[in-house]
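An overview of the molecular structure
Letter by letter, the chains look like this.
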Amino acid sequence: MLVLVINSGSSSIKFRLVEVVEEPRGVLITQPALLQGAVKGIGSVASFEVMGQTVGRSTTTLEIRDHAHALRVLLDRLAGSLGQIEAVGHRVVHGGDQYVNPTMITEQVEAGIDALSELAPLHNPSCLAGIRGARAAFGPTLPMVAVFDTAFHQTMPEVARQYALPVELALRHRIRRYGFHGIAHASLADGYAAGTGIPLEEVRLITLQLGNGCSVAAIAQGRSVETSMGFTPLEGLVMGTRSGDVDASIVSYLAEREKVEAAEVERWLNERSGLLGLSGRSNDMRELLRVAEQEQDKRAEFAIDLFCYRVRKYLGSYLAVLGGADAIVFGGGIGENAPEIRDRICRKMEWCGLRLDPDCNRAAVGLAPGRAAKITVDGSRPAAYVVAADEETWIARETVRCVRGVSS
Ligand code: ADP
């Protein structure tokens, strides 16, 4: 089945065209992407990047008004190479309580995603713009599926889902720990199973998605039982620009002291904190590693230290949650490409049996999508792996499952 995967952000659309085929045993596998690219800078002069087996690689700039316009341009420019698309899979950030599985998009589902914008004002409106744009571009009959980033964490037990707030208040305002990055964590677990040949039903994993946004998940028998992001993606690890965990009292304290609204402080916690706030230089880990080494920048060095410390603190707590783990899986731009960060995180974890293999760790960079590499010595338990998670492949596969499920 030819599937177009669409990942819409506030001013960008990433897309990938993949062929999903079924093996004789009924397992769905995805061939390498036929075509992929992105439209960035929607709302003004945008760049249109595309790369594919038949079209080569190109970048053009043009005025793009909105998401619908971007998708029309995509369709016009690539009509000859897109083939007969049979389904579109959309990444949707927030599925609330109601969307626990990939869901065929109907008008009612669109309205549901729209209603959830209240809980995800920064994310769901862009996802919806992508859905409506694709509907306008591809017509009303093409099956479109929403794959939700929160869905994977719907299996968390109540103790992990709830905050210790007055229950009525939490219920009335739908405040609970939803968790995010679900597609990434699910595909990290999947990559581990594919790489090791060990079925997920038999293992306990801790998956680390370390990119610009960062989160960790505890996974038992393939199901998420705990994750670090909560009501919003702000909770948990130190991220590129997000603080992660802070004492909630800081919000009103800072609002009062700085004479700003609470929403403004929340914006600082989301956009000016984390690695950027600590270092005063950059949210980009690669840049921080560079200035820490070449310029002996003390603030950058400290930002990296705090980042690794927080990850280790969560690893310890998730080992307790799971009662021990078989493997820790690193993913995301930092997890996949920064051996020095993996080393700093794991170096102080020998107490739990984790023993890194320095050579394997150094070698595990730039893995092909979907690949896994072990970075611990034989006998280390937990073991540690690097997995190049492939979220688009995951979305494509779930899209096919959903379309087949509905039509069979
Ligand atoms: P997003 O969460 O936006 O998808 P990514 O998963 O692409 O982000 O991760 C971006 C982060 O990965 C940045 O902090 C970037 O510096 C970091 N990164 C990418 N390559 C390297 C590298 N070779 N060494 C260190 N950090 C890297």
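Our subject is the structure listed above.
Owing to the predicted nature of the structure, the values given are computational and were not obtained by experimental measurement. (Residues numbered from 1 in each chain as written. Predicted model: local features only at pLDDT ≥ 70, side-chain atom pairs only at ≥ 80, totals over all residues. Heavy atoms only, no water.)

1. Description of the sheet that holds strand 12 (residues 223-227)
Overall, mixed pairing links the 6 strands, which are arranged 12-11-10-13-15-14 in an open sheet. Only two strands of the sheet have a single neighbouring strand rather than two, namely strand 12 and strand 14 (372-374). The average angle at which neighbouring strand axes cross in this sheet is 25°, direction not considered. Across 3 bridges, strand 14 lies against strand 15 (residues 383-387) in antiparallel orientation. (Pairing = 2+ DSSP bridges. Helix = DSSP H or I, 4+ residues; strand = E, 2+ residues; numbered from the N terminus. Axes fitted to C-alpha atoms, helices over the stretch in contact; angles between N-to-C directions.)

2. Comments concerning the side chain of Asp357
Structurally, Asp357 is set in the loop between helix 13 (339-347) and helix 14 (358-363). Put simply, Asp357 is tucked away with no salt bridge, and the nearest opposite charge, on Arg362, sits 7.0 Å away. Among residues more than four places away in sequence, those in contact with Asp357 are Ile375, Thr376 and Val377. (Buried < 20%, exposed > 50% of the residue type's maximum accessible area, 1.4 Å probe, protein only. Lys, Arg positive; Asp, Glu negative; His and termini not counted. Salt bridge = Lys/Arg side-chain N within 4 Å of Asp/Glu carboxyl O. Contact = heavy atoms within 4.5 Å.)

3. Here's the deal with the packing of aromatic side chains
Applying the stated criterion to the full structure yields 5 aromatic pairs. Both rings, one in Tyr314 and one in Tyr318, keep their centres 5.7 Å apart while their planes meet at 85°; by these two values the pair is edge-to-face. Highlighted residues: Tyr314 and Tyr318, both in helix 11 (residues 298-322), separated by 4 residues, approximately one helical turn. Side by side, Tyr314 and Tyr318 carry an identical accessibility label, which is buried. For the cation-ring pair, Arg77 lies above Phe48, with the distance from its terminal atom to the ring centre recorded as 5.5 Å. (Phe/Tyr/Trp six-rings, centres within 6.5 Å; stacked < 30°, edge-to-face > 60°. Lys NZ or Arg CZ within 6 Å of the ring centre and 35° of its normal.)

4. Focus: helix 3 (residues 124-138)
Since the α-helix turns once every 3.6 residues, residues separated by three or four places project in the same direction. Counted at 1.5 Å a residue, the expected span for helix 3 with its 15 residues is 21 Å, and the 21 Å between its end C-alpha atoms agrees. The buried count for helix 3 comes to 11 of 15 residues, which makes it a mostly enclosed element. Of all the positions in helix 3, only Asn124, Ser126, Cys127, Leu128, Gly130, Ile131, Gly133, Ala134, Arg135, Ala137 and Phe138 are classed as buried. Following helix 3 by one or two positions, Gly139 adopts a phi angle in the positive range, close to 90°. (Expected span 1.5 Å × (residues − 1).)

5. Regarding the environment of Asn270
Positionally, Asn270 belongs in helix 8 (residues 262-271). C-alpha separation for the pair Asn270 and Gly244, spaced 26 residues apart in sequence, amounts to 8.5 Å. Dropping the residues within four chain positions of it, Asn270 is found in contact with Leu234, Thr241 and Arg242.

6. What about the environment of Glu287?
Tracing the backbone shows Glu287 in helix 10 (residues 285-294). Separated by 13 residues in the primary sequence, Glu287 and Ala300 place their C-alpha atoms 9.0 Å from one another.

7. A few points about the packing of helix 1 (residues 67-82) against helix 3
Think of two packed helices as two axes; the pair is described by the angle between the axes and how far apart they sit. At a minimum axis distance of 8 Å, the contact between helix 1 and helix 3 shows a crossing angle of 45°. Between helix 1 and helix 3, the angle falls in the class oblique. At the point where helix 1 passes helix 3, the crossing takes the right-handed sense. For the pair formed by helix 1 and helix 3, the contact residues are His67, Ala68, Leu71, Arg72 and Leu75 on the first element and Ser126, Ala129, Gly130, Gly133, Ala134, Ala137 and Phe138 on the second. For the contact of helix 1 with helix 3, the class distribution of residues is 7 nonpolar, 4 polar and 1 charged. (Parallel < 35°, antiparallel > 145°, perpendicular 65-115°, else oblique. Left-handed = near helix turned anticlockwise from the far one by under 90°. Nonpolar A, V, L, I, M, F, W, Y, C, P; charged D, E, K, R; others polar.)

8. Section: the site of the ligand
Contacts to the ligand come from 13 residues, most closely from Asn212, Asp284, Met285, Arg286 and Gly333. Arg286 is positioned such that a nitrogen or oxygen atom in its backbone is 3.0 Å from an oxygen atom of the ligand. For the ligand, an oxygen atom lies 3.3 Å from a polar atom in the backbone of Ile334. When the ligand sits alone it has 580 Å² of accessible area, and the protein chains cover 67% of it. Put simply, the parts of the chain that give the shell around the ligand at least two residues each are helix 10 and helix 12 (332-337). (Near = heavy atom within 4 Å. Polar contact = N/O pair within 3.5 Å; in protein donor to acceptor, adjacent residues only side chain to side chain. Areas by Shrake-Rupley, 256 points an atom, 1.4 Å probe, with all protein chains shown as cover.)

9. Remarks on the side chain of Asp390
Secondary-structure assignment places Asp390 in the loop between strand 15 and helix 15 (391-407). Residue Asp390 is classed as buried on the basis of its relative accessible area, which comes to 13%. A polar contact of 3.3 Å, which involves the side chain of Asp390, links it to the side chain of Arg16. Dropping the residues within four chain positions of it, Asp390 is found in contact with Arg16, Ser187, Pro369 and Gly370.

10. Notes on unusual backbone geometry
Excluding glycine, residues mostly carry a negative phi; peptide bonds, for their part, are mostly trans. The residue after Arg381, namely Pro382, is reached through a cis peptide bond having omega 5°. Relative to the elements of secondary structure, Pro382 occurs in the loop between strand 14 and strand 15. Notably, Gln221 is not glycine yet its phi reads approximately 50°, a positive angle. Here Gln221 is to be found in the loop between strand 11 (214-220) and strand 12. A relative accessible area of 46% means that Gln221 is categorised as partly exposed. Phi is positive for Gln296, close to 50°, though the residue is something other than glycine. Here Gln296 is to be found in the loop between helix 10 and helix 11.

11. Some points on the pattern of salt bridges
Taken as a whole and assessed by the stated rule, the structure comprises 25 salt bridges. Asp190 is paired through a salt bridge with Arg397; the nearest N and O atoms lie 2.4 Å apart. On the criterion of sequence distance, the pair formed by Asp190 in helix 6 (residues 182-196) and Arg397 in helix 15 is long-range, its members being 207 residues apart. With relative accessibility at 14%, the residue Arg397 sits in the buried group.

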